[in-house]
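These are the residues of each chain, in order.
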Amino acid sequence: MNHIRTVNGGGNLQGELKVPGDKSISHRSLIIGSMAQGETFIKGFLHSEDPLSTADCLRKLGVNIPEIKENESFSFKGLGLDGFNEPKEILNCGNSGTTMRLLMGLLAGQEGKNFVLTGDTSLRERPMGRVSKPLSMMGATFLGRENGKKAPISIGGSQLKGCVIGTPVASAQVKSAILLAGLNASGTTSVIEPASSRDHTERMLKAFGADINIRGEFGRNVVIKPGKTLIGQKILIPGDISSAAFWMIAASIVPNSEVLIKDIGLNPTRTGILNVMDLMGCNYEIVEKSIVAGELIGSINVKTANNLRPFSIAGDILPKLIDEIPILTVAACFCQGVSEIKDAKELRVKETDRLKVMARQLRKFGAKISEKEDGLIINGESKFNSAEVDSETDHRVSMSLAIASLLAKGSSRIFRADASNVSYPTFWEDLEKLIN
Ligand code: S3P
């Protein structure tokens, strides 16, 4: 169904809200809980399409995960490291790259069992060779389109051996797949990334009792040894900073706004957006900081800032704000000068080619953006006119375009707006509540 949403420009945003649970931590809570012995209790789980795809796949692998209801905690028993069943069905990962890549790591070491993974049209075009290649070095067997580089992919579970693996891209999904495989391998597995990516897997595995160590400059080397039994834990999932980002930027650029976003995860591998907001000269304050289950949490109060400065994003910060590039592109349109996003080729292999799609859609409002091979150049001080825009099925594009529409003169329409259900099903209700 083609969901169209209408957003009127000219208002402002006021109020307080909690955004849904962190998507990365939600996936990991199910996967690592499934590999543990005993019960895992989860509070704050993100009830959206992507983590629910992970739940569905794990149930097909024999994990007794109850029906997950919005805003309700739940618990389930893990199967241990190698207790997964050979499913009678194909595992459908939907739109979720995290589901597919992390499950490839988990299933590669399930000796003597076979599995088939697939996904939606977008996921079947995304690169899986970055996971199947290093896992094959550990002894795993993958068959799939383009020599195991694209789904549908079949996995022949094998006895794996630990390896030292240097990954060519800084990707938490790739790193996590290798670490999960390392739990079932013989010997030590060591992953070295070109820049450090989000570390939720490492933190959670440590909390579950895994023998895992972080080494090297900026923690780019993670070493895991098998032999420890994972023990089920209580997991409290904070709000997703990647969902909060829409309101953090909206409140900064929409005149006369003030929004307080409560209890969001502030893990330092995720807070690159705050560095960019500092460069821009945004007006925000972090309050009520605390540590919950090994993750830093806080609330952020953001007020409109005038005369925002343009910014440049490049290099090692990219993994720390990889999912925020679409909304930061919107922000750049309202800074006083030219902003540049570089070293962002990864954006081309997300749910859509986010460089192309954001440039194409924002130009409809009148944005001045040029696309480079690895990034974007955005002229600020835009005057947006209302437009008919399209998410092109990408959740973060859909929500970024909604925020852009708030700055447009008149009433804009967003086609395929329901793409937001992938990570933030209550986004449109929250927008309604905040808008004045
Ligand atoms: C994720 C890692 C990131 C991110 C994605 C979620 C994760 O992808 O874009 O939304 O949960 O590990 P990459 O690690 O592939 O960059």
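In the block above lies the structure referred to throughout.
Rules of the game
- Residues numbered from 1 in each chain as written.
- Predicted model: local features only at pLDDT ≥ 70, side-chain atom pairs only at ≥ 80, totals over all residues.
- Heavy atoms only, no water.
- Helix = DSSP H or I, 4+ residues; strand = E, 2+ residues; numbered from the N terminus.
- Rg over C-alpha atoms; globule rule 2.2 N^0.38 Å.
- Buried < 20%, exposed > 50% of the residue type's maximum accessible area, 1.4 Å probe, protein only.
- Contact = heavy atoms within 4.5 Å.
- Areas by Shrake-Rupley, 256 points an atom, 1.4 Å probe, with all protein chains shown as cover.
- Lys, Arg positive; Asp, Glu negative; His and termini not counted.
- Charge placed at Lys NZ, Arg CZ, Asp CG, Glu CD.
- Axes fitted to C-alpha atoms, helices over the stretch in contact; angles between N-to-C directions.
- Parallel < 35°, antiparallel > 145°, perpendicular 65-115°, else oblique.
- Left-handed = near helix turned anticlockwise from the far one by under 90°.
- Nonpolar A, V, L, I, M, F, W, Y, C, P; charged D, E, K, R; others polar.
- Pairing = 2+ DSSP bridges.
- Phe/Tyr/Trp six-rings, centres within 6.5 Å; stacked < 30°, edge-to-face > 60°.
- Near = heavy atom within 4 Å.
- Polar contact = N/O pair within 3.5 Å; in protein donor to acceptor, adjacent residues only side chain to side chain.
- Salt bridge = Lys/Arg side-chain N within 4 Å of Asp/Glu carboxyl O.

(A) Here's a closer look at the overall build of the protein chain. The secondary structure content of the protein chain amounts to 13 helices and 26 strands. Taking 22 Å as the expected radius of gyration for a compact globule of 436 residues, we find that the protein chain reaches 21 Å, a close match to that expectation. With the C-alpha coordinates of the protein chain rotated into their principal frame, the extents come out at 60 × 45 × 40 Å. Sorting the 436 residues of the protein chain into buried and exposed places 59% on the buried side. Of all intrachain contacts in the protein chain linking residues separated by at least 6 positions in sequence, the fraction that spans at least 24 positions is 75%. Put simply, the protein chain shows about 16,400 Å² of open surface, and 47% of that area lies on carbon and sulfur atoms. Side chains of the protein chain give 52 positive and 48 negative charges; the mean places of these two sets differ by 3 Å.

(B) Main features of the packing of helix 10 (residues 325-332) against helix 12 (residues 395-406). For the pair helix 10 and helix 12, the least separation of the axes is 8 Å and the interaxial angle reads 20 degrees. Judged by the angle between their axes, helix 10 and helix 12 are roughly parallel. For the element pair helix 10 and helix 12, the recorded crossing hand is right-handed. On helix 12, the residues that touch Pro326, Ile327 and Val330 of helix 10 are Arg396, Ser400, Ile403 and Ala404. Looking at the contact of helix 10 with helix 12 residue by residue, the class counts come to five nonpolar, one polar and one charged.

(C) How the structure looks around the side chain of Ser423. Looking at the element boundaries, Ser423 is found in the loop between strand 26 (411-415) and helix 13 (427-434). In contact with Ser423, other than residues within four places in its own chain, are Lys23, Leu46, Ser48, Ser243, His395, Arg396 and Met399.

(D) Highlighting the sheet that holds strand 15 (residues 234-236). The mixed open sheet is built from three strands, whose spatial order is 4-3-15. On the outer flanks of this sheet lie strand 4 (74-77) and strand 15, each paired with one strand and no other. Neighbour to neighbour, the strand axes of the sheet diverge by 20 degrees on average, direction disregarded. Sheet analysis places strand 3 (residues 39-43) next to strand 15, joined by three bridges and oriented parallel. Paired with Ile42 across the bridge in strand 15 is Ile235. Helix 1 (residues 23-35) contacts strand 3, strand 4 and strand 15 of the sheet and is inclined by roughly 35 degrees relative to strand 4.

(E) Structural detail: the packing of aromatic side chains. The final tally for this structure, using the stated rule, is nine aromatic pairs. A centroid spacing of 6.5 Å and a plane angle of 25 degrees characterise the contact between Phe74 and Phe76, whose relative ring orientation is stacked. Comparing Phe74 with Phe76 shows no difference in burial state: the two are buried. Judged by centre distance (5.0 Å) and plane angle (90 degrees), the rings of Phe427 and Trp428 are edge-to-face.

(F) Inspection of the site of the ligand at higher detail. The ligand sits among Lys23, Ser24, Arg28, Thr98, Ser171, Ala172, Gln173, Arg198, Ile322, Asp323 and Lys350. In this structure, Gln173 approaches the ligand through a main-chain N or O atom, which is 3.0 Å from an oxygen atom. Taking Lys350, its side chain carries an N or O atom lying 2.7 Å from an oxygen atom of the ligand. Among the secondary structure elements, those contributing two or more residues to the shell around the ligand are helix 1 and helix 6 (172-182). Of the residues forming the shell around the ligand, the biggest block, three residues, is contributed by helix 1.

(G) Seen up close, the pattern of salt bridges. Evaluation of the coordinates by the stated rule reveals 28 salt bridges. A salt bridge links Glu193 to Lys175; the nearest nitrogen and oxygen atoms lie 3.4 Å apart. In this pair, Glu193 sits in the loop between strand 12 (189-192) and helix 7 (200-207) while Lys175 sits in helix 6, placing the two residues 18 residues apart along the sequence. Considered together, Glu193 and Lys175 belong to a single accessibility category, that of buried residues. A salt bridge links Glu371 to Arg348; the shortest N-O distance between them is 2.9 Å.

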